[in-house]
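# Topology and contacts: notes
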Amino acid sequence: MSASFKCPVSLSGLENICNGDKAIPGINSRTLFTRNSFLQPHHSANKICFRTCGKKGSCCLFNIRAMAETDSGNGVPQLDISLSPRVAALKPSKTMAITDLATALKQAGVPVIGLAAGEPDFNTPDAIAEAGIKAIRDGYTRYTPNAGTMEIRTAICHKLKEENGLSYTPDQILVSNGAKQCIMQAVLAVCSPGDEVIIPAPFWLNEKSRLLILCSPSNPTGSIYPREVLEEIAKIVAKHPKLLVLSDEIYEHIIYPPAKHTSFASLPGMWEKTLTVNGFSKAFAMTGWRLGYLAGPKHFVTACGRIQSQSTSGASSISQKAGVAALALGYAGSEAVSTMVKAYRERRDFLVQRLQALEGVKLSVPQGAFYLFPDFSSYYGTEVEGFGVIDGSEALCRFFLEKAQVALVPGDAFGNDDCIRISYAASLDTLRTAINNIEESLLLLRPAAAASRAS
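Everything in this summary refers to the structure shown in the same document. Just so it is clear, the structure is predicted and the values come from calculations on it, not from any experiment.

With that out of the way, let us pick up empty space enclosed by the protein. Following the criterion strictly, the structure yields 3 cavities of 30 Å³ or more and no others. Lining the largest cavity, in full, are Lys 159, Ile 250, Glu 252, His 253, Asn 278, Gly 279, Phe 280, Ala 283, Phe 284, Tyr 293 and Leu 327. When the residues that make up the lining of the largest cavity are grouped by side-chain class, the tally is 6 nonpolar, 3 polar and 2 charged. Each pocket or cavity is described by its volume, and for the second largest cavity that value is around 40 Å³. The residue makeup of the lining of the second largest cavity, split by class, is 3 nonpolar, 4 polar and 1 charged.

On to the sheet that holds strand β13 (residues 371-372). One open sheet accounts for 3 strands, arranged β13-β18-β17; its pairing is antiparallel. Bordering the open sheet on either side are β13 and β17 (409-410), each of which pairs with just one other strand. Pairing of β17 with strand β18 (residues 420-423), which is carried by 2 bridges, proceeds in the antiparallel orientation. Each residue of the ladder has a partner; that of Pro 410, found in β18, is Ile 420.

Moving on to the sheet that holds strand β9 (residues 209-215). Strand order in this open sheet of 6 strands is β7-β12-β11-β10-β9-β8, and the pairing throughout is mixed. Each end of this open sheet is capped by a strand with a single partner; those strands are β7 (173-176) and β8 (196-198). With direction set aside, neighbouring strand axes in the sheet form an average angle of 20°.

Here we come to the pairing of strand β12 (residues 292-295). With burial as the criterion, each face of β12 is covered, one bearing Gly 292 and Leu 294 and the other bearing Tyr 293 and Ala 295. When β7 meets β12, the two strands line up antiparallel, connected through 4 bridges. Across the sheet, the residue bridging to Leu 174 is Leu 294, located in β12. Note: strand β11 (residues 274-279) against β12, 4 bridges, orientation antiparallel. From the neighbouring strand, Thr 276 faces β12, where its bridge partner is Ala 295.

It is worth spelling out the environment of Arg 153 at this point. Mapped onto the secondary structure, Arg 153 falls in helix α4 (residues 150-164). Taking the relative accessible area as the measure of exposure, Arg 153 reaches 11% and is therefore buried. Expressed as a C-alpha distance, the spacing of Arg 153 and Val 324, which sit 171 residues apart in the sequence, is 8.9 Å. Look past the residues within four positions of Arg 153 in its chain and what remains in contact with it is Ala 147, Gly 148, Pro 170, Asp 171, Ile 173 and Val 175. Side-chain polar atoms of Arg 153 contact the backbone oxygen of Gly 148, separated by 2.9 Å.

Below, the discussion takes up the packing of α4 against helix α8 (residues 317-327). For the pair α4 and α8, interaxial distance at closest approach is 9 Å and the crossing angle is 25°. In this view, α4 runs roughly parallel relative to α8, as classed from their interaxial angle. Like other packed secondary-structure pairs, α4 and α8 cross with a definite hand, here left-handed. When α4 is examined against α8, the residues Glu 151, Ile 152, Ala 155, Ile 156 and Lys 159 are found in contact with a partner set consisting of Gln 320, Lys 321, Gly 323, Val 324 and Leu 327. The class makeup of the residues in the contact of α4 with α8 is 5 nonpolar, 2 polar and 3 charged.

As a further point, take the side chain of Asp 375. Within the secondary structure, Asp 375 sits in the loop between β13 and β14 (383-384). With near-sequence residues (within four places) excluded, Asp 375 lies in contact with Gly 360, Val 361, Lys 362, Asp 418 and Cys 419.

Tracing the sequence through the fold places Gly 411 in the loop between β17 and β18. On a C-alpha basis, the gap between Gly 411 and Ile 422 in space is 9.8 Å, while along the polypeptide they are 11 residues apart. The contacts of Gly 411, once residues within four sequence positions are left out, are Phe 373, Ser 393, Asn 416, Asp 417, Cys 419 and Ile 420.

It is worth spelling out the pairing of β11 at this point. Most of β11 sits inside the fold, with 6 of its 6 residues counted as buried. Burial along β11 is two-sided: Thr 274, Thr 276 and Asn 278 facing one way and Leu 275, Val 277 and Gly 279 facing the other are all buried. Here strand β10 (residues 244-248) pairs with β11 via 4 bridges, running parallel. Across the sheet, the residue bridging to Ser 247 is Thr 276, located in β11.

It is worth spelling out helix α6 (residues 227-238) at this point. Here α6 spans 16 Å end to end across 12 residues, near enough to the 16 Å set by a 1.5 Å rise per residue. Taken residue by residue, α6 has Leu 230, Ile 233, Ala 234 and Val 237 as its buried positions. Looking straight down α6, one finds that the buried residues subtend no more than 105° of arc, so they occupy a single side. Elements that come into contact with the buried residues of α6 comprise β9 and β10.

The rules behind these values
- Numbering of residues starts from 1 in every chain and runs along the sequence as written.
- Predicted model: local features are reported for residues with pLDDT of at least 70 only, side-chain atom pairs are reported and counted for 80 or more only, and whole-chain, interface and lining totals are derived from all residues.
- Hydrogens and water are ignored here; the side-chain numbers use all heavy atoms of the structure.
- Any residue with an atom within 4 Å of a point lines the site, the site being either a cavity, points on a 1 Å grid over the protein atoms alone where a 1.4 Å probe fits but cannot get out, or a pocket, an open set with protein on both sides within 12 Å along at least 5 of 7 lines.
- Grid points are joined across faces, edges and corners, and a volume is the space filled by probe spheres set on the points.
- Each residue is assigned to one of three groups, with Ala, Val, Leu, Ile, Met, Phe, Trp, Tyr, Cys and Pro labelled nonpolar, Asp, Glu, Lys and Arg labelled charged, and all others, Gly among them, labelled polar.
- Two strands are said to pair when DSSP picks up at least two bridges between them.
- Here a strand is any run of E in DSSP of at least two residues, a helix any run of H or I of at least four, and the numbering for each starts at the N terminus.
- Orientation is described by lines fitted to C-alpha atoms, with helices fitted over the stretch in contact, and by angles between N-to-C directions that extend from 0 to 180 degrees.
- Categorising residues by exposure relies on relative accessible area from a 1.4 Å probe, with only protein chains included: less than 20% of the type maximum marks a residue as buried, more than 50% marks it as exposed, and the intermediate range marks it as partly exposed.
- Residues count as neighbours in contact if any of their non-hydrogen atoms are within 4.5 Å of one another.
- Two N or O atoms form a polar contact when they lie within 3.5 Å of each other; inside protein one atom must be a possible hydrogen donor and the other a possible acceptor, and for residues adjacent in sequence the pair counts only when both atoms belong to side chains.
- When describing relative orientation, an angle under 35 degrees is termed roughly parallel and one over 145 degrees roughly antiparallel, while 65 to 115 degrees is termed roughly perpendicular and anything else oblique.
- Whether a crossing is left-handed or right-handed is set by the direction in which the near helix is turned from the far one by less than a right angle, anticlockwise for left-handed and clockwise for right-handed.
- Any helix carries an expected span of 1.5 Å times its number of residues minus one.
- The directions from the helix axis to the C-beta atoms form the arc being described.

Structure follows, in structure tokens:
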């Protein structure tokens, strides 16, 4: 097996790293050791070869080719700025991109209203913040075990038992730097090349299906799967031995009665097939603390922990102390969380009323989380002088940012180009200004939209 690495400089331009027998300029011929093998340099012309030999004597040859690349003008070596194909294939998060743009515009003096990020506008409850401050003052600032402290993993086990009806032991819990990291590690741990990951919108199953991702309450719609629907999904999952479920339950406490949350792993026969992801960012207004956790069968959790140990290692010791304090607030976060949820519901009701009054806008009333996902597709196809054609959700969000100075997330980031996502994790006064601006900007579209529908 060989691997070639292109180097933007010639061998003669390399600095000597260290001396060795029969060294070529800039490269030593010392044997380089790794844990289970060693690398022996060999060289010829513009090529340096490293032969790796494992414990059983098997060898692989890696070629590092130093090639001088120059431009046609002045002969100056050109830097190779190529990136990994993995990065080239990776699309940036539209939510983060729009949030960053809105922040930049605000810093430049533009009064943009940011309703893109899924971030509570409340401060972290005092008891949680004080626990973090105390951890710092007490010198609790060192590395913790990779999987998280025994204290927080035990507290999470208690929470899952009391609130979700799920029984886990601390070695079946992995604490990470946010729920997003838990999801990424779970996918990396259980999925192989060629496996299919299903995100309902809708979905189909086949022999390649390895992982079904559920999010309830949902981002971006705020919808909640009723227990009877989850039970039907569980029956399908049970028929596919290879299929696992990743249940993202980060919004479980931001829910509006009479809706109720059901943990997928609590359904008959689903504990062994479910990886449950949760965290502290949303319900406890702890987005900046970066703390989430994964619960599941030990075999899978250990594999996720192995990935974490070689990437970020354990979560912040300070955040873990704050997380313990959050779980100590009481069932579902007690009054600290219920006060925030009450405010979210008031904001939801206000925006639902205003959006339902807009011509051509369709909306399903969310039962949880703090998002609306209205359908604005009746305005697509219209042209605005000085802006261009509104040909989808991304163009509409650019229009709202430019004309209404409101930052929103295009629905195509979530697989539905008919809609846009609005976060109502902002004060009523802010939401009132935002919807007024949106309504006023739509006057530029309404005549064109009406004409389009008439034709």
